[in-house]
Amino acid sequence: MSAHGRLILGIETSCDETAAAVVEAGRIVWSNVVASQAALHAPFGGVFPEVASRQHVRDIGGVIEAALQTAGVTLAGVDAIAVTAGPGLSGALMVGVNAAKGLALASGKPLIAVNHLSGHLASHWLHTDGRLNMRDAFTDPDGIAPPPLPHLGLIVSGGHTDLFWVRALDDVVPLAATRDDAAGEAFDKAARLLGLGYPGGPAIQRAAEGGDPTRFPLPVARTDDGDWSFSGVKSALARQVARLTSAPTHPLPIADLAASFQSAIVRALTDRLALAALAARDHPPRAIAVSGGVSANAALRAALTALGRELGIPVLCPPLALCTDNAAMIAAAGWFRWAGGGGTAGVGGVGEGLGLEVEADWRLV
Ligand code: KG4
Ligand code: ZN
């Protein structure tokens, strides 16, 4: 297959980012365009689903056009279209799926349904030296080293907190997930509670600077069977705030509260990773691969780096543009699903056997 035989147009609209990207062979990002709705949802302190859907409708056409233009190709020049089919906000997903269906129908290109979580896992296959639009820099995507396998794949975002044992992209075992709030959602709710605005993660991180993370011990967000439960930490924070508000200690010690909360979330995440690594002592993971918006958190990064050092394995984290929701990762996952791993780094279709397959009423490739 020529280089032009493996160009995928990816489309992502599962939450509050309208995104499109062109990626070659699941590895090389030709373009990666994201229209974020964060400012639009800020007044609501979280994503407002109906507002999200409507904004996707406004943005999707321009975003796809920009992705093709930046990559220097037309629709006729791509080989397939990959789109996030779930999980996500249904009204939001529908915008991307319908756009992709329309383009596939009009152009006769294959349409590939992609699971959003598979996309996050696949983001580690994208070449990550921090440069995007690298079509002139590399002619041999198969020559770029893929992430070492098996690895622990941690997805921490506003919508998801999931840990997978990744043997290959088509051989993935779920190890842990959140029972209630996602870690990012917990950050967002805690920030609202502390009056810090939205998105909450960066606001909590800023507020926590110089704070004492040990001042208000909060429960570790774990269940007995190894899943996470973040809503209890948030409730414990709310109770702490209520106690402080009723006492004459006003104003609230925001820095200490934010630092204590952040530390509880970080501990829950890294403790579970350590447990997973320990359980796999005989065949240890060769890396910890982290993605999702919460992986921008400096305290989490520091704790993960320390854990990686302790375990003697690298911690892989794509550049932020590929870590938060984007369509390059969807194009990558779509390619691996479509190509079935044929000659590309030995990875196969994405999400098979995991319950990650998406249900779709249109032609899957
Ligand atoms: O992956 P993402 O951009 O979108 C999805 O949720 O799918 O993640 C957004 C989440 C938000 O909840 C935001 O508060 C959190 O990531 N986040 C952070 C930080 N930056 C973003 N959480 C903690 N610390 C940060 N620095
Ligand atoms: Zn995501």
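Just so it is clear, the model here is predicted, and its values are computed rather than measured.

### Examining the sheet that holds strand E8 (residues 171-177)
Spatial ordering of the open sheet is given by E8-E7-E6-E9-E10, a layout of five strands whose pairing is mixed. Each of the sheet's edge strands pairs with one partner strand only, and the pair in question is E8 and strand E10 (315-316). The pairing of strand E6 (residues 151-156) with strand E7 (residues 161-168) spans six bridges and is classified as antiparallel. Directly across from Leu 152, in E7, lies its bridge partner Trp 165.

### Observations concerning helix H5 (residues 183-193)
Buried within H5 are the following residues: Ala 183, Gly 184, Ala 186, Phe 187, Asp 188, Ala 190 and Ala 191. At the C-terminal side of H5, Gly 195 shows a positive phi close to 70°.

### Re the coordination of the zinc ion (ligand 2)
Distances from the zinc ion (ligand 2) to its protein donors, His 116 (NE2), His 120 (NE2) and Asp 325 (OD), fall within 2.1 Å. In the primary sequence, the donor residues of the zinc ion (ligand 2) line up as H-x3-H-x204-D. Linking His 120 in helix H4 (residues 116-122) with Asp 325 in the loop between helix H10 (320-323) and helix H11 (328-339), this pair joins segments that are 205 residues apart in sequence. Just as His 120 is buried, Asp 325 falls in that class too.

### Some remarks on the confidence of the model for the protein chain
Confidence in the prediction for the protein chain averages 86 pLDDT; 87% of positions are at 70 or higher. Residue range residues 130-138 is modelled with pLDDT below 50. Its contacts to residues more than four positions away, or to other chains, number 21 contacts. Across residues 341-365 the pLDDT falls below 50, and counting only partners more than four positions away or on other chains, this stretch makes 70 contacts in the model.

### What to know about the site of ligand 1
As a structural note, the neighbourhood of ligand 1 is formed by 18 residues, with Gly 158, Asp 188, Gln 205, Gly 293 and Asp 325 the closest of them. Here ligand 1 has 540 Å² of accessible area as a free molecule, and 88% of this is covered by the chains. Of all elements in the fold, only H5 and helix H6 (200-208) reach the threshold of two or more residues within the shell around ligand 1. Of the residues contributing to the shell around ligand 1, the split by class is five nonpolar, eleven polar and two charged.

Calculation criteria
Residues numbered from 1 in each chain as written. Chains lettered and ligands numbered in written order. Predicted model: local features only at pLDDT ≥ 70, side-chain atom pairs only at ≥ 80, totals over all residues. Heavy atoms only, no water. Pairing = 2+ DSSP bridges. Helix = DSSP H or I, 4+ residues; strand = E, 2+ residues; numbered from the N terminus. Buried < 20%, exposed > 50% of the residue type's maximum accessible area, 1.4 Å probe, protein only. Donors = N, O, S within 2.8 Å, 3.2 Å for Na, K, Ca; no water. pLDDT = per-residue confidence, 0-100. Contact = heavy atoms within 4.5 Å. Near = heavy atom within 4 Å. Areas by Shrake-Rupley, 256 points an atom, 1.4 Å probe, with all protein chains shown as cover. Nonpolar A, V, L, I, M, F, W, Y, C, P; charged D, E, K, R; others polar.

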